[in-house]
Amino acid sequence: KVLFLQGGGFTQFAMIPMNLMINRSAGYIVTGQWSKKAAGEAKIFGTVHELASSADKNFSYIPELGDLNIPEDLDYVYICQNETVHGTTIKTLPNTKGKTLVSDISSMFLSEPLDVTKYGLLFGGVQKNVGPAGVVIVIVREDLIRDDVLPFTPTMMKYKTHADNKSLFNTPPCYGIYICGLVFKWLLKLGGVNAIHRINQAKAKLLYDYLDGSKLFHGTVEKKDRSLMNVPFVTGSRELDAEFVNAATQAGLKNIKGHRSVGGMRASLYNAMPVEGVAKLVDFMAEFEKAHIS
Ligand code: PMP
C-alpha cells in the first residue's frame, strides 16, 4: 500500500514502532543524525538494539552490514538509507537475516530506482524531491498493516486506519498532495526515475570530481559511501569555510553552510537542482581556490 500521511518524516519515527514493534524489540543501524533520532524515538516503545554504528568517525562512512548480530526477537531492522546531514548512502542493504527491513528514504526519494520488494516499509517526508513539507509517503507491505498494534496507539497513528480508507480517513493535506501529483507528472514527462537518476549521477560526478582534484576543498565522506543528494565538504580551516560561505552567499549560492555537527559546507543536489546550478557552484569553488592557493 502507498499511503499519503501527514506529520512529516519525524512522525514516522513513532508510527513505525507503534505499528511494528509487536515484541517490543527492534534493531537500528545508526549512521547519522536521522537514524539516531529515529532510534531515540523508538526507545519510548521498547528495546532498541544498535546493530551497527559509524559514530566512531563522526558518521563519515557506512559500517559493514553483511553479517550483523541479529537477535531472534527483533520486529524489524531500521536504516536511514541516505543521511541528509552527513551525506552518506547505504548502497548495499543490510543482511537482516529474514527480519523486516524498514528504511527512511526522505532525502533520496525518487532520486534513483529502488526495488521496493526488498523492504517491509519505506517512508519519506516529501520536502526534498516530491512536494511541500508536512506530507509523508509510506510504502508498506500489506501483511505489516495490522490491527494488533501496540495497545495505546491512537487511531490516526495506525497504518490500518489510513490503508482501509485510501489515505482519506480524515481531511488529507490536499494541497500538498496535489503538488506531489504535479511533481510526479513532471518526473514522468522527464522519463521517470531512471532519467532523473542519470541526471543526478551527472550532477554528483561534477562536484565529486572537482573535490577529488581540489587542493583546497575536500569531501568528508568515504568515497564508496558518498550520497548523490547531499555533499558535505570542508577546507580544513574554519575561517576559510566561513569566508567561502559568505562569498558564495553573496554570489547567489545560498544555504551552502554545513550542519553544525559536521561543519564546513554542504551542497544538496535534490531533483529540482539543474546541472547548470552544480556547474555554477563548481566554477565558483574553482575561482575561490585559485584566489586562496598560491
Ligand atoms: N529523515 C530524514 C532523512 C530527514 O532528512 C528528515 C528531515 N530533514 C527527517 C527524517 C525529518 O523529516 P520532517 O522534518 O519532515 O519531520
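Cut-off values and rules
- Residues numbered from 1 in each chain as written.
- Predicted model: local features only at pLDDT ≥ 70, side-chain atom pairs only at ≥ 80, totals over all residues.
- Heavy atoms only, no water.
- Near = heavy atom within 4 Å.
- Polar contact = N/O pair within 3.5 Å; in protein donor to acceptor, adjacent residues only side chain to side chain.
- Areas by Shrake-Rupley, 256 points an atom, 1.4 Å probe, with all protein chains shown as cover.
- Helix = DSSP H or I, 4+ residues; strand = E, 2+ residues; numbered from the N terminus.
- Nonpolar A, V, L, I, M, F, W, Y, C, P; charged D, E, K, R; others polar.
- Salt bridge = Lys/Arg side-chain N within 4 Å of Asp/Glu carboxyl O.
- Buried < 20%, exposed > 50% of the residue type's maximum accessible area, 1.4 Å probe, protein only.
- Axes fitted to C-alpha atoms, helices over the stretch in contact; angles between N-to-C directions.
- Parallel < 35°, antiparallel > 145°, perpendicular 65-115°, else oblique.
- Left-handed = near helix turned anticlockwise from the far one by under 90°.
- Contact = heavy atoms within 4.5 Å.
- Expected span 1.5 Å × (residues − 1).
- Bend = angle between axes of the 7 residues up to and from the residue.
- Pairing = 2+ DSSP bridges.
- Right-handed = clockwise from strand over helix to strand, strands pointing away.
- Patch = residues over 30% accessible without salt bridge, like charges linked within 9 Å, V, L, I, M, F, W, Y side chains within 5 Å.

A.B. asks: Explanation requested: the site of the ligand in the structure shown.
C.D. replies: Of all residues adjacent to the ligand, which total 13 residues, the nearest are Phe 10, Thr 84, Asp 104, Gln 127 and Lys 128. Within the side chain of Trp 34, one N or O atom sits 3.4 Å away from an oxygen atom of the ligand. In the environment of the ligand, a nitrogen atom lies 2.6 Å from a nitrogen or oxygen atom belonging to the side chain of Lys 128. Starting from 390 Å² of accessible surface for the ligand in isolation, the protein chains cover 84%. Top element by residues in the shell around the ligand is helix α1 (residues 8–20). It accounts for four residues. When grouped by side-chain class, the residues that make up the shell around the ligand number four nonpolar, seven polar and two charged.

A.B. asks: I'm lost on the pattern of salt bridges in this one. Help?
C.D. replies: Opposite charge on two side chains allows them to pair when their charged atoms are near. Summed over the entire model, instances satisfying the criterion amount to twelve salt bridges. A salt bridge links Glu 72 to Lys 99, with the nearest nitrogen and oxygen atoms 3.8 Å apart. Here Glu 72 is found in the loop between β3 (47–53) and β4 (76–80), whereas its partner Lys 99 is found in the loop between β6 (88–89) and β7 (100–104), with 27 residues between them in sequence. Under the relative-accessibility criterion, Lys 99 is labelled buried at 17%. A salt bridge links Lys 160 to Asp 164; the shortest N-O distance between them is 2.7 Å. Linking Lys 160 with Asp 164, this pair stays in helix α3 (residues 159–164), spanning four residues, or about one helical turn. Within this structure, Asp 212, Lys 223 and Arg 226 form a network of salt bridges that share partners.

A.B. asks: Which parts of the structure should I look at to understand the packing of α1 against helix α2 (residues 33–42)?
C.D. replies: Geometry of a packed helix pair, given as the angle between the helix axes and the separation of the axes. It is at 9 Å that the axes of α1 and α2 come closest, and there the two elements cross at 45°. It follows from the interaxial angle that α1 and α2 lie oblique. In terms of crossing hand, the pair formed by α1 and α2 is right-handed. For the pair α1 and α2, contact is made by Phe 10, Phe 13, Ala 14 and Pro 17 and by Trp 34, Lys 37, Ala 38, Glu 41 and Ala 42, respectively.

A.B. asks: Hey, could you run me through α1 in this one?
C.D. replies: Because the α-helix completes a turn every 3.6 residues, residues three or four places apart line up on one side. The terminal C-alpha atoms of α1, which comprises 13 residues, lie 19 Å apart, in line with the 18 Å expected from a rise of 1.5 Å per residue. In α1, a bend of some 30° at Ala 14 exceeds every other bend along the element, and Pro 17, a proline, comes one to four places later. Among the 13 residues in α1, eleven count as buried, and that is most of the element. Where α1 is concerned, the buried positions are Gly 8, Gly 9, Gln 12, Phe 13, Ala 14, Met 15, Ile 16, Pro 17, Met 18, Asn 19 and Leu 20.

A.B. asks: Got a minute to help me understand the pairing of β3 in this structure?
C.D. replies: Every regular strand shows the same layout, with side chains that alternate between the two sheet faces. Where strand β2 (residues 25–30) lies against β3, six bridges are found, and the strand directions are parallel. Its bridge partner being in β3, Tyr 28 is matched across the sheet by Glu 50. Each parallel crossover has a hand, and the one from β2 via α2 to β3 is right-handed.

A.B. asks: Is there a simple way to explain a nonpolar patch on the surface in this structure?
C.D. replies: Together, Trp 186, Leu 190, Ile 199, Leu 206 and Val 275 make up a nonpolar patch on the protein surface, roughly 370 Å² of accessible area in all. Elements with a contribution of two residues or more to the nonpolar patch: α4 (174–190) and α5 (192–213). Positionally, Leu 206 belongs in helix α5.

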